[in-house]
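# Understanding the architecture of this molecule
As a plain string of letters, each chain reads:
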Amino acid sequence: MNEAVRTNFDIKDYLRLEMMPHFMCPGCGHGIALRCLLWAVHELGVDKNRLAVVSGIGCSGRVGAYIDANTFHTTHGRPLAFATGLKLARPDLTVVVITGDGDCLAIGGNHLIHACRRNLDITCLMLNNEVYGMTGGQVSPTTAIDRLTTTTPHGNAEPTFDACRLADAAGASFVGREVTRQAPALKSVIKAGLAHEGFAFIEVLSDCTEIYGRKNDLGESPEMILAQKSDMRPEAFGNAADEPFRPNRLRAGVLVQRDRPEYGRVYRERAAAERAKAKAKG
Amino acid sequence: MNVHVPHPHRAEIRLAGSGGQGLITGMHILFRALALEGKRAAQSQSYEPTSRGGFCYSDLVVSDELGDYPLATRLDMVAALSQVGLDRSLPLLRPGALVIVDERLTPDPPREGFDLHVLPILGRAVETGSPRIANVVALGALAHLGRLVGDDALEQAVRLETPAKYADLNLAAVREGLALVRGLGASTAEA
Amino acid sequence: MTPSLAALHGNRACALAAIAAGCRFFAGYPITPSSEIAEQLSRELPRVDGVFIQMEDEIGSLAAVIGASLGGVKVMTATSGPGFSLMQENLGYAAMTETPCVIVNVMRGGPSTGMPTRPSQGDIMQARWGTHGDHPIVVLAPASVQEIYDETIRAFNLAEEFRTPVIVAYDETIAHLLESVVIPQRRTVATVTRKFARGDEQGFQPYAETEDLVPPMARPGDGHRVHVTGLTHMADGFPTQKPDLAARATRRLLDKIEQNRDRIERTETFEVEDAEVLIVAVGIVARAARRAAQDLRSAGARAGLFRPVTLWPFPEQALIEAAAKARHVLVAEMNAGQLALEVERILGRGRVARLNRIDGEPIPPADIARSIREIAA
């Protein structure tokens, strides 16, 4: 990757333009997340021939297909496991996982915590829109209390998962969070995650205007995006539990960065040492 | 082969006892000894979730036919190091089969129908150095009485299949087993 | 250079064969009675610059294996019944995305946790139909330690040649059997590597209908930048729900196996030429059946054995030929009747009898011989 920041970012250089128009609903935040990812990729000078994007199932899972790179649309909840095999077999690739709140925290929760623990050099973007959009708007592990969804007709009664706190507890060496409202900041967090050697977990607060916002009278996309920092989870990472809820208290940016050995490197070094030992033995 | 093996191409042999007695190691030694003499075999064992205690066996089917049924169907010989090991193996023994038991570990051997040898296997193992080598003492007696392999091949296999630091102990054990029955094999064959 | 004769357990033979076949990535999860394969490969793979990883479950194991294969590496996982059930989701993904991989399933007593240390052949139908939807599958069923070695290598070669998941299914008895195995010199092992896409990066169609129905595979880094999805896709790799395109895509998936049956099928027959009674069996039961057939022949009865080494696609024509003179066909298996369903479909129910055992014990030769005497009487 280049040291100097590359400017002249043109998203068209990184998109499969023949795939346009895309499938995302008007107002969906996932497009902003996609743009920020590609912007970060551009600034770091990642070769798109060596960029692998692995995604799961759901709205987030479909985003990868628009990227002009090696894109793998896998099974529900499993992109981190696919990426684990890909990165171990091909350490020369830059591996990015795009997942969603349901994909990553519900069906794929087990893979997430072990990916955090192992610390392979993978950058994981979890696009959190608080809902299962692709299947028609069911409750997800990050749906706020009392929200209406197609499977919480009387309001969600289940507590909300804090993905960043989970990733931190599971040992992720990089945890970041940003809102789609602040695209340059989001780009910076993704860039820092990509540059970090180890597992980087980044929660992207996106929005689902079409089937979640409408159902909960959250307004159109501008209103939802403007409310991202103030309207979400006062209990979220970095906000003391006893701190009363106040607007704009949601902590964002790089929340955790710690120096831990990258697992692929550790494995290869140990294997090389074993081979040297065997060779010395004859 | 010999009087204990009516089918010229197939012999079925068992070490029986309880888990932890080294029955599988014992059969690995015999397998190796046979291989050294150019013979083919298949070795199987009881495979249970627990690895200590309870009924356990290790079988060897020697056959010169490729792809022959590798499991015991009718045992030609057994060496048993526990009463339960012996009792559970009896239904599979053919009439006249060679049965080797320890005088202390198997207090109630079958008195009729088999070529029975009650031997001080455990005693000799303890005298030689450890009760844990009773498997190899029993193997020495079984290999000799059953005329399965030459003494040289057996001793070589012991060296190959046991950890280097215990090789001498195991060699002493297999020689004890051979000594226990030396000369007995011939008289049995004539009987 | 002569081949060497080694004493190997079935599972160990499987692991060594994988290395010889070029396997350089294994992901798995501990499960009885297959764990020795993982244990062996955790030692072997680093020696050949390969990677072993123990994943958090069997779902993740097959996912990681497919991920590595998409990276261009030869891959394998190994499991048993409950783990095999968990792998069905990604088995379908491998079939759909045409990602070569080998899945070893050491069959133990089921259903559910069942009898972990006891042999069974209860996964014959799950291996064929376990994942949802119409999909191609190749299943090999070795019956000896030697054959575990040979068929594991063949599994890799078929997976690579036809870009398909290949399952190697054998029962616990053979997995833990110690037998003499002829290990060929490494350089004499014939190995197949998938066709990789070369040149023509612009307009490359990763799922084109090539003449052999097996399109070359793009390797990340080579410049093709393709899209891989479990959604029904067109030749360009992108999803489609257009009926004609969807039908063609699925048809090609099935046809690439169906039209290459002669390269995939392998059978063993024993004394079938004049057999009045034909035994059909796989795995350890086939070896008991062979013994039974021999014993019956020495007693004057004309018995023979038909053994599908390739279990799926089932060698239909070979069975018809082997059963040409048979008045009776006995399907012996360690389950409640799975292989029998296929044999009955091919030969009709009239002359097919069944011998089943579901108590976790192998079927001994004497039981098969007795069963045949009863049928013939």
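It should be emphasised that the depicted structure is a prediction, and the values quoted were computed from it without experimental measurement.

Rules used throughout
- Residues numbered from 1 in each chain as written.
- Chains lettered and ligands numbered in written order.
- Predicted model: local features only at pLDDT ≥ 70, side-chain atom pairs only at ≥ 80, totals over all residues.
- Heavy atoms only, no water.
- Pairing = 2+ DSSP bridges.
- Helix = DSSP H or I, 4+ residues; strand = E, 2+ residues; numbered from the N terminus.
- Axes fitted to C-alpha atoms, helices over the stretch in contact; angles between N-to-C directions.
- Contact = heavy atoms within 4.5 Å.
- Buried area = accessible area lost by both parts, 1.4 Å probe.
- Salt bridge = Lys/Arg side-chain N within 4 Å of Asp/Glu carboxyl O.
- Polar contact = N/O pair within 3.5 Å; in protein donor to acceptor, adjacent residues only side chain to side chain.
- Nonpolar A, V, L, I, M, F, W, Y, C, P; charged D, E, K, R; others polar.
- Domains from an automatic or database assignment.
- pLDDT = per-residue confidence, 0-100.
- Expected span 1.5 Å × (residues − 1).
- Bend = angle between axes of the 7 residues up to and from the residue.
- Parallel < 35°, antiparallel > 145°, perpendicular 65-115°, else oblique.
- Left-handed = near helix turned anticlockwise from the far one by under 90°.
- Buried < 20%, exposed > 50% of the residue type's maximum accessible area, 1.4 Å probe, protein only.
- Phe/Tyr/Trp six-rings, centres within 6.5 Å; stacked < 30°, edge-to-face > 60°.
- Core = buried A, V, L, I, M, F, W, Y, C linked by side-chain atoms within 4.5 Å.

With mixed pairing, eight strands are arranged side by side in an open sheet as 9(A)-7(A)-8(A)-4(A)-3(A)-1(A)-2(A)-10(C). Each edge of the sheet is formed by a strand with only one pairing partner; in this case those strands are strand 9 (253–257) of chain A together with strand 10 (227–229) of chain C. For this sheet the average axis-to-axis angle between neighbouring strands, irrespective of direction, equals 15°. Taken together, the six bridges between strand 3 (residues 94–100) of chain A and strand 4 (residues 122–128) of chain A define a ladder with parallel strand orientation. Pairing of A:Ile98 across the sheet is with A:Leu125, part of strand 4 of chain A.

Let us now look at the interface of chain C and chain A. Each side of the interface is counted separately: chain C has 37 residues, and chain A has 33 residues. Between chain C and chain A, roughly 3,100 Å² of surface is buried when both sides are summed, and carbon and sulfur atoms account for 59% of that area. On the chain C side of the interface with chain A, the three residues burying the most area are C:Glu56, C:Pro220 and C:Arg225, jointly 23% of the side's total. At the surface where chain C touches chain A, the tally comes to four salt bridges. The residue C:Glu56 makes a salt bridge to A:Arg118 at a minimum N-O spacing of 2.6 Å. The interface formed by chain C and chain A holds 22 residue pairs in polar contact (both at pLDDT 80 or more) in total. Mapped by element, the contributors of at least two residues to the side of chain C that touches chain A are helix 2 (35–47), strand 3 (51–54), helix 3 (58–70), helix 4 (81–97) and strand 10 of chain C. Of the residues forming the side of chain C that touches chain A, the biggest block, eight residues, is contributed by helix 3 of chain C. When grouped by side-chain class, the residues that make up the side of chain C that touches chain A number 19 nonpolar, eleven polar and seven charged. Direction of pairing for strand 2 (residues 70–73) of chain A relative to strand 10 of chain C: parallel, over a ladder of three bridges. The partner of A:Thr71 across the bridge, within strand 10 of chain C, is C:His227.

Turning to the domain arrangement of chain C, a few remarks are in order. Residue and element names in this part refer to chain C. According to the domain assignment, chain C contains domain 1 (4–188) and domain 2 (267–376). Measuring from the centre of the C-alpha atoms in domain 1 to the corresponding centre in domain 2 gives 26 Å. Across the contact, 26 residues belong to domain 1 and 23 residues belong to domain 2. Taken over both partners, the interface formed by domain 1 and domain 2 buries close to 2,000 Å², and the fraction arising from carbon and sulfur atoms is 57%. For the domain 1 face of the interface with domain 2, the top three residues by lost area are Gln121, Ile124 and Met125, together amounting to 31%. Counting the contacts that link domain 1 with domain 2 gives three salt bridges. With a shortest N-O distance of 3.1 Å, Glu361 and Arg118 are connected by a salt bridge. For the pair domain 1 and domain 2, the interface holds 17 residue pairs in polar contact (both at pLDDT 80 or more). Mapped onto the side of domain 1 that touches domain 2, the elements with two or more residues apiece are strand 6 (115–119), helix 5 (124–129), strand 7 (138–140), helix 6 (145–162) and helix 7 (172–175). A breakdown of the residues in the side of domain 1 that touches domain 2 according to their chemical character gives 13 nonpolar, five polar and eight charged.

The top pair by number of contacts, from a total of two pairs of chains in contact, is chains A and C. A gap remains between chain A and chain B, which never touch, and the nearest two C-alpha atoms on either side lie 18 Å apart.

An order of 6(B)-5(B)-4(B)-1(B)-3(B)-2(B)-9(C)-1(C) is seen for the eight strands of this open sheet, with the pairing classed as mixed. Pairing within the sheet leaves two strands with one partner each, and these edge strands are strand 6 (115–119) of chain B together with strand 1 (4–9) of chain C. Neighbour to neighbour, the strand axes of the sheet diverge by 20° on average, direction disregarded. Bridge analysis of strand 5 (residues 93–102) of chain B against strand 6 of chain B gives five bridges, and the strand direction is parallel. Looking across to strand 6 of chain B, one finds that B:Val101 is bridged to B:Val118. Strand contacts of helix 6 of chain C: strand 1 and strand 9 (178–183) of chain C, with the helix running at about 45° to strand 9 of chain C, the strand carrying the most contacts.

A word on the confidence of the model for chain A. Counting all residues, the mean pLDDT for chain A is 91, and 91% of those residues have values of 70 or more. Here residues 239–248 of chain A is modelled with pLDDT under 50, and outside its nearest four sequence neighbours on either side it reaches twelve contacts, counting other chains as well.

Now for helix 2 of chain C. All names here are of chain C. The end-to-end C-alpha distance of helix 2 is 19 Å, a good match for the 18 Å that 13 residues give at a rise of 1.5 Å each. At Leu41, helix 2 shows its largest bend, some 30°. Directly after helix 2, the chain includes Asp49, whose backbone phi takes a positive value near 65°.

A separate point is the packing of helix 5 (residues 151–161) of chain B against helix 6 (residues 167–181) of chain B. Residue and element names in this part refer to chain B. Here helix 5 crosses helix 6 at 150°, and the two axes come no closer than 9 Å. Judged on the interaxial angle alone, helix 6 and helix 5 are roughly antiparallel. Of the two elements, helix 5 crosses helix 6, and the hand of that crossing is right-handed. Contacts from Asp151, Leu154, Glu155, Val158 and Arg159 in helix 5 reach Ala167, Asp168, Asn170, Leu171, Val174, Arg175 and Leu178 in helix 6. Among the residues forming the contact of helix 5 with helix 6, the class breakdown is six nonpolar, one polar and five charged.

This paragraph deals with the pattern of salt bridges. Inspection of every chain in the model, using the stated rule, returns 57 salt bridges over all chains. For A:Arg265, the salt bridge goes to A:Glu197, with nearest N and O atoms at 2.8 Å. Here the residue A:Arg265 occupies a position in helix 11 (residues 263–281), and A:Glu197 occupies one in the loop between helix 7 (183–195) and strand 8 (200–205), the gap between them amounting to 68 residues. Look at A:Arg265 and you get partly exposed, because its relative accessible area is 42%. A salt bridge links B:Glu37 to B:Lys39; the shortest N-O distance between them is 3.1 Å. One continuous salt-bridge network, built from bridges that share partners, spans B:Arg10, B:Glu12, B:Asp68, C:Arg291 and C:Asp295.

Here we take up the interface of chain C and chain B. Between chain C and chain B, the residue contacts involve 26 residues of the former and 21 residues of the latter. Here chain C packs against chain B, burying approximately 1,800 Å² in sum over the two surfaces, 54% of which is carbon and sulfur. Notably, a salt bridge pairs C:Arg291 with B:Asp68, separated by 2.9 Å at the nearest N-O pair. Residue assignment for the side of chain C that touches chain B shows that the elements contributing at least two residues are strand 1, strand 6, helix 7, strand 9 and helix 10 (283–298) of chain C. Top element by residues in the side of chain C that touches chain B is helix 10 of chain C. It accounts for six residues.

Once that is clear, we can look at the packing of aromatic side chains. One pass over the full model with this rule turns up nine aromatic pairs over all chains. Summarising the aromatic geometry, the rings of A:Phe9 and A:Trp39 are spaced 6.2 Å apart at their centres and angled 5° between planes, so their arrangement reads as stacked. Of this pair, A:Phe9 sits in the segment before helix 1 (30–44) while A:Trp39 is found in helix 1, placing the two residues 30 residues apart along the sequence. Relative to C:Tyr93, the ring of A:Phe82 has its centre 5.1 Å away and its plane inclined at 70°; by these criteria the two rings are edge-to-face. Taken together, the residues span two chains, with A:Phe82 in helix 3 (residues 79–89) and C:Tyr93 in helix 4.

For the rest of this paragraph, the subject is helix 1 (residues 10–21) of chain C. Residues and elements named next belong to chain C. For helix 1, which comprises twelve residues, the first-to-last C-alpha distance of 16 Å matches the rise-based estimate of 16 Å (1.5 Å per residue) to within 8%. Taken across its twelve residues, helix 1 has eleven buried, putting it largely inside the fold. Of the residues trailing helix 1, Gly22 is marked for its positive phi of about 105°.

We now examine the nonpolar core. Within the largest apolar cluster, 162 residues are counted, with the highest numbers of intra-cluster contacts made by A:Phe201, C:Phe25, C:Ile37, C:Met76 and C:Ile368. Of the residues that make up this core, three or more belong to each of domain 1 (4–188) and domain 2 (267–376) of chain C. Of all hydrophobic cores here, the second largest spans 46 residues; its members include B:Ile13, B:Met27, B:Leu148 and B:Val149.

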